[in-house]
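Spelled out from the first residue to the last, the chains are:
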Amino acid sequence: MEVRNRGLVTALRYRGREGMWAWLLHRATGLGVLFFLIIHVIETAAVVYSPEFYDEALQIYKNPFFRFAELLIFFSVLFHAVNGSRIVIQDFWPYLMERQRQLTWAAGIVVLLVMVPVTWIMVAPVFGLAEEPGLERHLERCVERTQAPACLEVVE
Ligand code: HEM
């Protein structure tokens, strides 16, 4: 069989409908999560090898931009898991292949239903519309272990 690389533009013009987009997004999210995991393991290991670098990295993560990046990671894991489960189910019960389009939409709806509340929980505090989740519990624990001023420094 002849295999030709037709390029991204041709791929985008290819009218593969739901199946093609689900496949493309599954690959993009799979590689994205893998990339994130590699970076995350390196950065977490820094707590042992270079605690100063680790502390600096934590400061950078407090930037609101990272809240949106975290939301993207959440979406990637969620989509990959739900769509991946759809693929596994279709593999086990091949007659469901005939319902691939409907199942792809069902997976998309499940992802959307989870994304709506999670987006609110993660993004609302950035705009001051809701309190940071877990902040109160975090402060209480911190006060128990140390003294209050140090705890506020952690939050700021
Ligand atoms: C609930 C967890 C997961 C499920 C159910 C799942 C399911 C799947 C399935 C069924 C495939 C094959 C897709 C196909 O045949 O077209 C796949 C591919 C892949 N997965 Fe996952 N996966 C999961 C977690 C992960 C994680 C955590 C990572 C990254 C660290 C990952 C990275 C990948 C990659 C890179 C591919 C190859 C994509 C491609 O070649 O298009 N997966 N996954």
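Structure shown above.
Read on for an overview of the structure. Model, not experiment: these values are computed from the prediction.

1. Observations regarding the overall build of the protein
From N to C terminus, the protein includes seven helices and zero strands. Sequence-ordered secondary structure for the protein, helices as α and strands as β, is α-α-α-α-α-α-α. Taken against the 2.2 N^0.38 rule, which gives 15 Å for 156 residues, the C-alpha radius of gyration of the protein at 21 Å runs more than 25% over that of a compact globule. With respect to the principal axes defined by its C-alpha atoms, the protein has extents near 70 × 35 × 30 Å. Across the 156 residues in the protein, those meeting the buried criterion constitute 6%. Counting contacts in the protein only where the partners sit at least 6 residues apart, residues at least 24 apart contribute 60% of the total.

2. Quick look at the site of the ligand
The immediate surroundings of the ligand are formed by 13 residues, with Arg27, Gly30, Leu34, Ala81 and Gly84 found nearest. Elements with a contribution of two residues or more to the shell around the ligand: α2 (17-49) and α4 (64-92). Broken down by element, the shell around the ligand gets its largest block of residues, seven residues, from α2. Per-class residue counts for the shell around the ligand are seven nonpolar, five polar and one charged.

3. Let's talk about the packing of α2 against α4
At a minimum axis separation of 9 Å, α2 and α4 run at an interaxial angle of 125°. Considering their axes alone, α2 and α4 lie oblique with respect to each other. You can see that α2 and α4 cross each other, and the crossing is left-handed. Across the interface between the two elements, Ala22, Leu25, His26, Thr29, Gly30, Gly32, Val33 and Phe36 from α2 touch Ile73, Ser76, Val77, Phe79, His80, Asn83 and Gly84 from α4. Of the residues that constitute the contact of α2 with α4, the class distribution is seven nonpolar, eight polar and no charged.

4. A word on the packing of α2 against helix α3 (residues 51-61)
Put simply, α2 and α3 touch, their axes get as near as 6 Å, and they point 135° apart. As judged from the angle between their axes, α2 and α3 are oblique. Here the hand of the crossing between α2 and α3 comes out left-handed. Residues Glu43, Ala46 and Val47 of α2 lie in contact with α3, whose contacting residues are Pro51, Phe53, Tyr54 and Ala57.

5. Description of the environment of Tyr49
Structurally, Tyr49 can be placed in helix α2. Assessed through the 9 C-beta atoms surrounding it within 10 Å, Tyr49 is described here as exposed. Separated by 62 residues in the primary sequence, Tyr49 and Val111 have C-alpha atoms spaced 38 Å apart.

6. A short note on α2
For an α-helix, 3.6 residues make a turn, and residues three or four places apart therefore share a direction. Helix length check: α2, at 33 residues, gives a terminal C-alpha distance of 48 Å against a target of 48 Å (1.5 Å per residue), a fit within 8%. Within α2, only two of the 33 residues are buried, which leaves the element largely exposed.

Each value, and the rule that gives it
Residues numbered from 1 in each chain as written. Predicted model: local features only at pLDDT ≥ 70, side-chain atom pairs only at ≥ 80, totals over all residues. Helix = DSSP H or I, 4+ residues; strand = E, 2+ residues; numbered from the N terminus. Rg over C-alpha atoms; globule rule 2.2 N^0.38 Å. Buried ≥ 20, exposed ≤ 12 C-beta atoms within 10 Å, placed from the backbone. Contact = placed C-beta atoms within 7 Å. Near = placed C-beta within 6 Å. Nonpolar A, V, L, I, M, F, W, Y, C, P; charged D, E, K, R; others polar. Axes fitted to C-alpha atoms, helices over the stretch in contact; angles between N-to-C directions. Parallel < 35°, antiparallel > 145°, perpendicular 65-115°, else oblique. Left-handed = near helix turned anticlockwise from the far one by under 90°. Expected span 1.5 Å × (residues − 1).

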